[in-house]
Amino acid sequence: AQSVTQLGSHVSVSEGALVLLRCNYSSSVPPYLFWYVQYPNQGLQLLLKYTSAATLVKGINGFEAEFKKSETSFHLTKPSAHMSDAAEYFCAVSAPTTAAGNKLTFGGGTRVLVKP
Amino acid sequence: DGGITQSPKYLFRKEGQNVTLSCEQNLNHDAMYWYRQDPGQGLRLIYYSQIVNDFQKGDIAEGYSVSREKKESFPLTVTSAQKNPTAFYLCASRRGFGQGASNEQYFGPGTRLTVT
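The following paragraphs examine the structure supplied in this document. Nothing here was measured: the structure is a model prediction, and the numbers come from that model. (Residues numbered from 1 in each chain as written. Chains lettered and ligands numbered in written order. Predicted model: local features only at pLDDT ≥ 70, side-chain atom pairs only at ≥ 80, totals over all residues. Heavy atoms only, no water.)

Inspection of every chain in the model, using the stated rule, returns 2 disulfides over all chains. Here Cys-23 of chain A engages in a disulfide with Cys-91 of chain A; their sulfurs sit 2.0 Å apart. Here the S-S torsion is close to -65°, and the disulfide linking Cys-23 of chain A with Cys-91 of chain A is therefore left-handed. Here the residue Cys-23 of chain A occupies a position in strand E3 (residues 19–26), and Cys-91 of chain A occupies one in strand E9 (residues 87–94), the gap between them amounting to 68 residues. Here Cys-23 of chain A matches Cys-91 of chain A in class, with each residue buried. Paired through a disulfide, Cys-23 of chain B and Cys-91 of chain B show a sulfur-sulfur distance of 1.9 Å. In this structure, the disulfide formed by Cys-23 of chain B and Cys-91 of chain B twists by about -70° around the S-S bond and is classed as left-handed. One end of the pair, Cys-23 of chain B, is in strand E3 (residues 19–25); the other, Cys-91 of chain B, is in strand E9 (residues 87–94), with 68 residues separating them in the sequence. (Disulfide = S-S within 2.5 Å. Helix = DSSP H or I, 4+ residues; strand = E, 2+ residues; numbered from the N terminus. Buried < 20%, exposed > 50% of the residue type's maximum accessible area, 1.4 Å probe, protein only.)

So, in C-alpha cells, the structure goes:
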C-alpha cells in the first residue's frame, strides 16, 4: 500500500520568492509520483510526473520536482513565485503495475498563498 | 478538443432525494474514477472502473452507486443513504496500459453538490 504526506497544509510566499512544497511517500515498490494543481472550484491539472526515468522532473508553469529515493521524497519547487501560482497543490503516488486499478493515493494538499 | 465534462457545475437537492452526476470523456480512456473532495481532506476515491460493464468500490463507496455501460460515460448516483452528500465531486480518467499509460489521471472540472 502507498501513502503520501504533504508537510504544511498552507504555505505563504512573497511574489518572486522560492516556492517549496514538501511531499514524502511510503511505498513497498518503486512508485510513480505526481504533482497536481487545483484552482478554486476547478478540477485537478497535472503539473508533472515521475515514472522512474530522470529523477529531476520538469513540469508546466516553471515547476520542477526531484525524486529522492533515500529520503522517500518528491518535493515541488519553483524558483520565483507568481501571483497566478496561488492554488492548492496535491502530491499523489501509485504503484507502477496494473494491479488494484492503478489507483492514485493523494496527499492532503497544500494551499499556496502568494503575497504581492 | 478532447477532455472530460461533468455536468452540472452546481447541483442542489433536498435531503432524501437521489441525484445523478454526469461524467463523459472523449479521450478514449479505458479507466474512469470518481472522487469526493471535502475541505482539508484531499481526495477520496468513491468508485472506479477499468473497463466497460465492470467497476469496483473505492474507499468510501457507501451511499453511492455507479454504472459503466459505455466507455465514454461513468455516471455517479448519490443516494439518500449517503449521510453527508454535500461535497465537491471530481471525475477522472486514465489511459489503459495498452495505450502507453503511466498511471496519471486526467480530471474533469467537478460538480459541487449541495444537499439541504
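Once that is clear, we can look at the pattern of salt bridges. This structure, assessed with the given rule, holds 8 salt bridges over all chains. Note that Lys-49 of chain A and Glu-104 of chain B form a salt bridge whose closest N and O atoms lie 2.7 Å from each other. Taken together, the residues span two chains, with Lys-49 of chain A in strand E5 (residues 44–50) and Glu-104 of chain B in the loop between E9 and strand E10 (106–107). Across the salt bridge formed by Asp-85 of chain A and Lys-78 of chain A, the nearest N and O atoms sit 2.9 Å from each other. Like Lys-78 of chain A, Asp-85 of chain A is buried. Among the charged side chains, a salt-bridge network with shared partners connects Lys-49 of chain A together with Arg-95 and Glu-104 of chain B. (Salt bridge = Lys/Arg side-chain N within 4 Å of Asp/Glu carboxyl O.)

A few words now on the packing of aromatic side chains. Counted under the stated rule, the structure contains 14 aromatic pairs over all chains. Taken together, a centroid distance of 5.5 Å and an interplanar angle of 80° make the contact between Tyr-36 of chain A and Phe-107 of chain B edge-to-face. Taken as a pair, Tyr-36 of chain A in strand E4 (residues 32–38) and Phe-107 of chain B in strand E10 lie in two separate chains rather than in one. Side by side, Tyr-36 of chain A and Phe-107 of chain B carry an identical accessibility label, which is buried. When the ring of Tyr-64 of chain B is compared with that of Tyr-89 of chain B, the centres are 5.9 Å apart and the planes differ by 65°; the resulting orientation is edge-to-face. Of this pair, Tyr-64 of chain B sits in strand E7 (residues 64–66) while Tyr-89 of chain B sits in strand E9; the two residues are 25 residues apart in sequence, bridging distant segments of the chain. Like Tyr-89 of chain B, Tyr-64 of chain B is buried. In this structure an aromatic cluster arises from ring pairing among Phe-34, Tyr-36 and Phe-106 of chain A together with Tyr-33, Tyr-35, Tyr-48 and Phe-107 of chain B. (Phe/Tyr/Trp six-rings, centres within 6.5 Å; stacked < 30°, edge-to-face > 60°.)

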